[in-house]
Amino acid sequence: MLQQTTVQAVLPYFLKFVTRWPDVTALADEDEEEIMKAWAGLGYYSRARNLKKCAERVAREHHGLFPDNEAALKTLPGIGDYTAAAIAAVVFDRHAAVVDGNIERVIARFTRLTTPLPAAKLAIKEHMHTLTPAERPGDFAQAMMDLGATICTPKRPACALCPLRDMCAVSGLDEAELYPVKPPKNTRPVRRGAAFVAVATDGSVLMRRRSEKGLLGA
DNA sequence: AAAGCGGGGTG
DNA sequence: CACCCAGCTTT
């Protein structure tokens, strides 16, 4: 449910779902039509169909219990890189590198990555893996996501409040002059000197110096 | 690598 | 109005 959907929007749906279908088997045995009706309003309806298919496979192939490793999880319908790692880390306490949109941004800034996405995704995943502690990897992932949601935000990050400020590669830059930018369509990020910091799920620039506002070229 | 998939909240 | 949201699947 949380794939590209805010926690606030999901919460009431999630509560209704877990109340009506308390376990994987209940969901697997339900008619798809009923699940779709309960999903109405959430959008991205393929997620609902994947959820049912996933429940059916977990019920049939795993005795109603989710597999405890990333590789097996990723074979299930609707479960990709992020969700597989999140389940492995949060539910099974495995040392898995969780990378969602927030963590992507946090890591990219933290390492002052200038490679545009999605080419940088592997490097980000690897860096997150080295950063993730063996103990409470799930809590660490959730802390990183919270950091991205509250401090290291897409626009106007609150660097002054950041607990990672002293270790962050971007902290060397003048915070007061850092601000978010979205490049015009049909343009690509251009690097000039060290003042330029590029990152975002769509490959757009997140931050650059105000004085170089006209830096983007076609 | 890029397109397609939704609805809702926010500045 | 643009942008963003605990992404995944299919071209």
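Predicted model only: the values in this text are computed from it and were never measured.

1. Looking at unusual backbone geometry
Okay, step 1: At histidine 63, a position not held by glycine, the phi torsion is positive, near 60°.
Okay, step 2: Among the secondary structure elements, histidine 63 is positioned in the loop between helix H4 (46–61) and helix H5 (70–74).
Okay, step 3: Even without being a glycine, arginine 156 presents a positive backbone phi close to 50°.
Okay, step 4: Looking at where arginine 156 falls in the secondary structure, it is placed in the loop between helix H9 (137–150) and strand S1 (178–180).

2. Describing the packing of aromatic side chains
Okay, step 1: Within the structure shown, the criterion is met by two aromatic pairs.
Okay, step 2: An aromatic cluster of three or more residues is present, and its members are Phe17, Trp21 and Trp39.

3. Comments concerning the protein's contact with DNA strand B
Okay, step 1: Inspection of the region around DNA strand B gives Gln4, Thr5, Gly41, Leu42, Gly43, Tyr44, Tyr45, Arg47 and Pro118 as its neighbouring residues.
Okay, step 2: Considering the 4 Å shell around the protein, atoms of DNA strand B inside it are sugar or phosphate in 37% of instances.
Okay, step 3: Between tyrosine 45 and DNA strand B, the recorded distance is 3.1 Å, taken from a backbone N or O atom to a phosphate oxygen.
Okay, step 4: A class-by-class count of the residues in the surface near DNA strand B yields four nonpolar, four polar and one charged.

4. Overview of the pattern of salt bridges
Okay, step 1: Scanning the entire structure with this criterion turns up nine salt bridges.
Okay, step 2: Notably, a salt bridge pairs glutamate 34 with lysine 37, separated by 3.1 Å at the nearest N-O pair. Of this pair, glutamate 34 and lysine 37 are both found in helix H3 (residues 32–39), three residues apart, which corresponds to roughly one turn of the helix.
Okay, step 3: The class for glutamate 34 is partly exposed, based on a relative accessible area of 22%.
Okay, step 4: Since its relative accessible area comes to 52%, lysine 37 is described here as exposed.
Okay, step 5: Aspartate 81 is the partner of lysine 74 in a salt bridge, and the nearest nitrogen-oxygen pair spans 2.8 Å.
Okay, step 6: When salt bridges with common partners are traced through the structure, they connect Arg20, Glu34 and Lys37 into a single cluster.

5. Structural notes on helix H7 (residues 101–110)
Okay, step 1: Across the ten residues of H7, eight count as buried, placing the element largely inside the fold.
Okay, step 2: Taken together, the buried positions of H7 are occupied by Ile103, Glu104, Arg105, Val106, Ile107, Ala108, Arg109 and Phe110.

The rules behind each value
- Residues numbered from 1 in each chain as written.
- Chains lettered and ligands numbered in written order.
- Predicted model: local features only at pLDDT ≥ 70, side-chain atom pairs only at ≥ 80, totals over all residues.
- Heavy atoms only, no water.
- Helix = DSSP H or I, 4+ residues; strand = E, 2+ residues; numbered from the N terminus.
- Phe/Tyr/Trp six-rings, centres within 6.5 Å; stacked < 30°, edge-to-face > 60°.
- Near = heavy atom within 4 Å.
- Polar contact = N/O pair within 3.5 Å; in protein donor to acceptor, adjacent residues only side chain to side chain.
- Nonpolar A, V, L, I, M, F, W, Y, C, P; charged D, E, K, R; others polar.
- Salt bridge = Lys/Arg side-chain N within 4 Å of Asp/Glu carboxyl O.
- Buried < 20%, exposed > 50% of the residue type's maximum accessible area, 1.4 Å probe, protein only.

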